[in-house]
Amino acid sequence: MAKDKVEETKELEWALIPPREVSQVDGVFLEKNMCNNWDKIWNFQAKPDDLLIASYPKAGTTWTQEIVDLIQNNGDIENSRRAPIHLRHPFLEWVRVNSFSGIDEANAMPSPRTLKTHLPIQLLPPSFWEKKCKIIYVARNAKDNMVSYYYFQTMNKGLPDPGSWDEYFETFMSGKVMWGSWFDHVKGWWKKKDSHPILYLFYEEMMKDPKREIRKVMEFLGKNLKEEVLDKIVNNTSFAVMKNNPMTNYINDIEMNHSLSPFMRKGVVGDWKNQFTEDQNKRFNEDYEKHMADTSLSFFEEL
Ligand code: PPS
């Protein structure tokens, strides 16, 4: 089939996918199938050698996942291209359109497993704490995170339609988005790192000095790779390479319409300046001060 015909067919298929419904668990907005599946998610049995990659959506999860996979594979590029990222690392709470769930995928996977979640700290299945699993959390400044999430909601049928940017700004600020308030999420995980093995990474630091941050991940995983292997990992986890890699760019995900906005969109720090109005920026800064007054956590909004 000609390429434009394939694109047209994909768009028609995408348009036919019914929108997912939203519900809540303990006041946190989650997709309805997740809520219906909640007992199974909450009772998930983690194993001591599980590694969990946790984040607020659009904070740099996929980037971190690819870095972790390459470190685990000693920089073997071919091995890391064995399967799309969502199959290499089950997305714990996700229930796919064909009703196969991240929990089923994780249960079917041999150890050692690497898993992904966007759950806020209070909703993480308790077995992760009981088994003292290592966790890598990645956070991104709220403004860029919000913009990235907005575009993602426009192209992903698994998430609610975001409406206009102005509407979405209000939705995000009120925390009525899937996986809840950005503020509660980043603060909750930040606090927990004092009592649990959590490596807390920042998207902005990864942009600033990827090799330094990749080395941190390597040390956290107890690995010791040569400098040239680390350099190879830096190159292969750059935005440009991951954007062209079908195993990391979600190009074949049926719920995503990349013609509306690509999954690998811009990959920069400070894109919020192209989106926020002056008034929104002022309002955001005022609200931000209040929300973040009780934490030592801080972010760069530009490099
Ligand atoms: S998801 O759907 O929640 O798992 O999305 P997530 O992977 O957390 O975030 C997607 C955003 O991360 C950007 N990205 C990268 N930036 C820099 N370098 C690399 N290698 C990289 N890989 C992914 C991606 O482009 C999304 O950000 P935006 O701002 O929308 O471009």
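To start, this report covers the structure provided alongside it. Residue indices follow the written sequence of each chain, beginning from 1 at its first position. At least 70 in pLDDT is required for a residue's local features to be given in this predicted model, at least 80 for side-chain atom pairs to be given and counted, and no such filter applies to totals for whole chains, interfaces and linings, which use all residues. The basis for every side-chain value is the complete set of heavy atoms in the structure, and neither hydrogens nor water enter the calculation.

## What about the site of the ligand?
Around the ligand, the structure places 23 residues, and the nearest of them are T61, T62, S148, Y203 and K266. The side chain of W63 places a nitrogen or oxygen atom 3.4 Å from a nitrogen atom of the ligand. Two N or O atoms count as a polar contact when they lie within 3.5 Å, although within protein this holds only if one can serve as hydrogen donor and the other as acceptor, and sequence-adjacent residues are included solely when both atoms are side-chain atoms. Between S148 and the ligand, the recorded distance is 2.7 Å, taken from a side-chain N or O atom to an oxygen atom. Method for areas: the Shrake-Rupley scheme with a 1.4 Å probe, in which residue coverage is limited to the protein chains shown. When isolated, the ligand has an accessible area of 650 Å², and the protein chains bury 98% of it. If a single non-hydrogen atom of a residue is within 4 Å of a molecule or strand, that residue counts as near it.

## As for the pattern of salt bridges
By definition here, a salt bridge exists when the distance from a side-chain nitrogen of Lys or Arg to a carboxyl oxygen of Asp or Glu is within 4 Å. Counting across every chain of the model gives 24 salt bridges. Residue E66 is joined to R88 by a salt bridge in which the shortest nitrogen-to-oxygen separation is 2.9 Å. Residue E66 is located in helix α4 (residues 61–72), and its partner R88 is located in helix α6 (residues 85–88); the two are separated by 22 residues in the primary sequence. Both residues of the pair, E66 and R88, belong to the buried class. With its nearest N and O atoms 3.1 Å apart, the salt bridge here joins R265 to D271. Within the structure, one salt-bridge network assembled from shared partners comprises E205, K208, D209, R212, E213 and K216. We count a stretch as a helix when DSSP gives it H or I for four or more residues in a row; a strand needs E for two or more, and each element gets its number in order from the N terminus. Per-residue accessibility, obtained with a 1.4 Å probe over protein chains only, is compared with the maximum for each type, and a residue is labelled buried under 20%, exposed over 50%, and partly exposed between these values.

## Quick word on the nonpolar core
As used here, the term nonpolar core means buried Ala, Val, Leu, Ile, Met, Phe, Trp, Tyr and Cys residues forming a set that is joined through side-chain atoms within 4.5 Å. Ranked by size, the top nonpolar core spans 90 residues in total, and within it L30, W179, W182 and W189 carry the most contacts. A total of 7 residues in this core trace back to one element, the largest contributor, which is helix α9 (residues 142–155).

## Regarding the environment of M146
Here M146 is to be found in helix α9. Sequence separation between M146 and M173 is 27 residues; the distance between their C-alpha atoms is 9.0 Å. In this description, contact between two residues means that some pair of their heavy atoms is separated by no more than 4.5 Å. Apart from the residues within four sequence positions on either side, M146 is in contact with W165, Y168, F169, F172, M173, F276 and F284.

## Observations concerning α9
When the terminal C-alpha atoms of α9 are compared, their 20 Å separation across 14 residues agrees well with the 20 Å that a helix rising 1.5 Å per residue should span. Taken across its 14 residues, α9 has 12 buried, putting it largely inside the fold. To estimate how far a helix should reach, multiply one less than its number of residues by 1.5 Å.

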